[in-house]
Amino acid sequence: YANSTQMLAVLDTVFHPHNLCTQLLTGQGKTLTLGLINAYQTITSKKPIDFITANDNLAERDYRQFHDFYTLAGIKTSLIHAKSSLDAYLQGTQA
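Parameters and conventions
Residues numbered from 1 in each chain as written. Predicted model: local features only at pLDDT ≥ 70, side-chain atom pairs only at ≥ 80, totals over all residues. Heavy atoms only, no water. Helix = DSSP H or I, 4+ residues; strand = E, 2+ residues; numbered from the N terminus. Phe/Tyr/Trp six-rings, centres within 6.5 Å; stacked < 30°, edge-to-face > 60°. Buried < 20%, exposed > 50% of the residue type's maximum accessible area, 1.4 Å probe, protein only. Expected span 1.5 Å × (residues − 1). Contact = heavy atoms within 4.5 Å. Arc of directions from axis to C-beta. Polar contact = N/O pair within 3.5 Å; in protein donor to acceptor, adjacent residues only side chain to side chain.

Bringing unusual backbone geometry into the picture now. Excluding glycine, residues mostly carry a negative phi; peptide bonds, for their part, are mostly trans. At Lys46, a residue that is not glycine, the phi angle is positive and equals roughly 60 degrees. Assignment of secondary structure puts Lys46 in the loop between helix H2 (30-45) and helix H3 (56-72).

Given below as structure tokens:
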């Protein structure tokens, strides 16, 4: 479950959709917060959302952690690495 800091960050995104910056300290749950924000933005905008990280290990971990949640929400996902093809990227962006 999301804690109060995470929920405030999600609500900040809901009520201030053009605010693209939220700061969370170490241990405050950035993974869950961004997972919820990404789901909200995808569902409400009907547009693909790219979530980018420099750490391939964390990207794979987070992809696996949220895959079932996104599937349940009807959100198509794909895990893209630096060497992924354009076709692989496009598959994850089409409804």
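Looking now at the packing of aromatic side chains. Tallied over the entire structure, the rule returns 3 aromatic pairs. With centroids separated by 6.3 Å and ring planes inclined at 70 degrees, the aromatic side chains of Phe66 and Phe69 adopt a geometry described as edge-to-face. Here the residue Phe66 and the residue Phe69 both occupy positions in helix H3, the gap between them amounting to 3 residues, near one helical turn. Its relative accessible area of 7% is what places Phe66 among the buried residues. Each member of the aromatic cluster is reached from another via a ring pair, and the members are Phe66, Phe69 and Tyr70.

A few words on H2. With 16 residues, H2 should reach 22 Å at 1.5 Å per residue; the first-to-last C-alpha distance of 22 Å fits that figure. The complete set of buried residues in H2 reads Thr33, Gly35, Ile37, Asn38, Ala39 and Thr42. Buried residues belonging to H2 abut helix H1 (4-15) and H3. Phi turns positive one or two residues past the end of H2, at Lys46, with a value near 60 degrees.

A word on the environment of Gly27. In this structure, Gly27 sits in the loop between H1 and H2. Take Gly27: its relative accessible area is 75%, and that puts it in the exposed class.

Now for H1. Here H1 contains 12 residues, and its C-alpha end-to-end distance of 16 Å stays within 8% of the 16 Å for a straight helix at 1.5 Å per residue. Within the sequence span of H1, burial applies to Gln6, Ala9, Val10 and Thr13. The arc that holds the buried residues of H1, viewed along the axis, is 95 degrees, so those residues lie on one side. Residues of H1 that are exposed and angled more than 90 degrees away from the buried face: Ser4, Leu8 and Phe15. Of the surrounding elements, those touching the buried residues of H1 are H2. Where H1 begins, the capping side chain belongs to Asn3, and its oxygen is found 3.0 Å from the backbone nitrogen of Thr5.

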